Amino acid sequence: MPIKAIIISEKSEGVAILHSFENENAVILKILGEASSIADGVALTDTQRPDLIFLDGRIDGVAFFGQLSKLDFILPKVIMFSGNPCDAVRGFQFNAVDFLLMPIDFNMLMMAMYKVIKRIEMERSLQHQNVGKISRENLNIAKGFVAVSSLDKIELLPMAEILFCKSDGKYTIFNLSDGRKIMSCRNLGEYSKILDENCFFRVHHSYIVNLLHIKQIVKKDGYFCEFINGLTVPVATRRQEDFQRFMKL
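The paragraphs below set out a description of the structure included in this document.

A word on the overall build of the protein
Part 1 of the reasoning: Per the secondary structure count, the protein includes seven helices and 15 strands.
Part 2 of the reasoning: The burial tally for the protein puts 45% of its 249 residues in the buried class.
Part 3 of the reasoning: Long-range contacts, defined as pairs at least 24 residues apart, comprise 52% of the intrachain contacts of the protein with a sequence gap of at least 6.
Part 4 of the reasoning: For the protein, the computed accessible surface area is about 13,700 Å², with 53% contributed by carbon and sulfur atoms.

Examining the packing of helix H2 (residues 38-48) against helix H3 (residues 61-68)
When two helices pack together, their arrangement is given by the angle between their axes and by how far apart the axes lie.
Part 1 of the reasoning: In contact at an axis separation of 10 Å, H2 and H3 are set at 35° when each is read in the N-to-C sense. By crossing handedness, the relation of H2 to H3 is classed as right-handed. Packed against H2, whose contacting residues are Ile38, Gly41, Val42 and Thr45, the element H3 presents Ala63, Phe64, Gln67 and Leu68 at the interface.
Part 2 of the reasoning: Split into classes, the residues belonging to the contact of H2 with H3 amount to five nonpolar, three polar and no charged.

Here we look at the sheet that holds strand S15 (residues 232-235)
Part 1 of the reasoning: Spatially, the three strands line up as an open sheet ordered S13-S14-S15, and their pairing is antiparallel. Two strands in the sheet have a free side with no partner beyond their single neighbour: strand S13 (214-219) and S15. For this sheet, the mean angle separating the axes of adjacent strands, direction not counted, is 25°.
Part 2 of the reasoning: The strands that helix H7 (residues 240-247) touches are S13, strand S14 (223-227) and S15; relative to S14, the one it contacts most, it runs at about 50°.

Quick notes on the pairing of strand S1 (residues 3-8)
Part 1 of the reasoning: Across the six residues of S1, five count as buried, placing the element largely inside the fold.
Part 2 of the reasoning: Alignment of S1 against strand S2 (residues 29-35), held across six bridges, turns out to be parallel. For Ala5, the partnering residue across the bridge sits in S2 and is Ile31.
Part 3 of the reasoning: Handedness of the β-α-β unit built from S1, helix H1 (residues 13-24) and S2 comes out right-handed.

Some thoughts on the pairing of strand S9 (residues 171-176)
Part 1 of the reasoning: Counting buried positions along S9 gives five out of six residues, so the element sits mostly inside the fold.
Part 2 of the reasoning: As judged from the six bridges shared by strand S8 (residues 162-168) and S9, these two strands associate in the antiparallel manner. Residue Lys166 lies in a different strand from S9, and its bridge partner there is Ile173.
Part 3 of the reasoning: Hairpin connection, S8 to S9: the antiparallel pair is bridged by two residues, and Gly169 has positive phi, about 70°.
Part 4 of the reasoning: The pairing of S9 with strand S10 (residues 181-184) spans four bridges and is classified as antiparallel. Following the sheet pairing, Thr172 is matched in S10 by Ser184.
Part 5 of the reasoning: Between S9 and S10, which follow one another and run antiparallel, lie four residues, and Gly179 among them has a positive phi close to 95°.

The rules behind each value
Residues numbered from 1 in each chain as written. Predicted model: local features only at pLDDT ≥ 70, side-chain atom pairs only at ≥ 80, totals over all residues. Heavy atoms only, no water. Helix = DSSP H or I, 4+ residues; strand = E, 2+ residues; numbered from the N terminus. Buried < 20%, exposed > 50% of the residue type's maximum accessible area, 1.4 Å probe, protein only. Contact = heavy atoms within 4.5 Å. Areas by Shrake-Rupley, 256 points an atom, 1.4 Å probe, with all protein chains shown as cover. Axes fitted to C-alpha atoms, helices over the stretch in contact; angles between N-to-C directions. Left-handed = near helix turned anticlockwise from the far one by under 90°. Nonpolar A, V, L, I, M, F, W, Y, C, P; charged D, E, K, R; others polar. Pairing = 2+ DSSP bridges. Right-handed = clockwise from strand over helix to strand, strands pointing away.

Dropping the structure here:
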């Protein structure tokens, strides 16, 4: 997937170059929008939730990052660009991944994008390790909860509020009793080892259900678990016998 980015720039010298790079490297970069002021930049960041911000060195970084830090998500990576080499020092004070001197050179931009990609991959890998540690080693501390890791945060969900979990490729979608759906960046197989085996059963390759929330078992052209909110989940044919024994049907 390409890195999702926004551009915050008072003038357009570098904007055209960034769009030109995007057109030639669509598999690497997707620009979601532009802003020309601090307020618009913060609002655009809040709505688009980009992976990366291209920040013009003429923008007041102290004011921008001060407002950005109030948003409730992990801050995007930053690449600063400017015609003044002295702005590089300010950029790295704001933890910029790289600084590009105007006019922007495509080769230097490619190297900067590579740094962003590696930084994101490293952080995601570390996040997965930390979530695994929370889920497996510290489960007794957070008994009755499961750590759910999305791309920008980790939530501790009460197991009692989970209706069922659904596989979505390499991701897992948690359907909760209050109607919310939360996507995790971990696959269903990992959660099958974590969820309380006394209450949760993997009825299908794509589903794990919480038996405490099942309203009834519907036997029509197979088995289906029906929940209080009317949603149903199929029981795979090869799992029906184990499911019957587990439920003492």
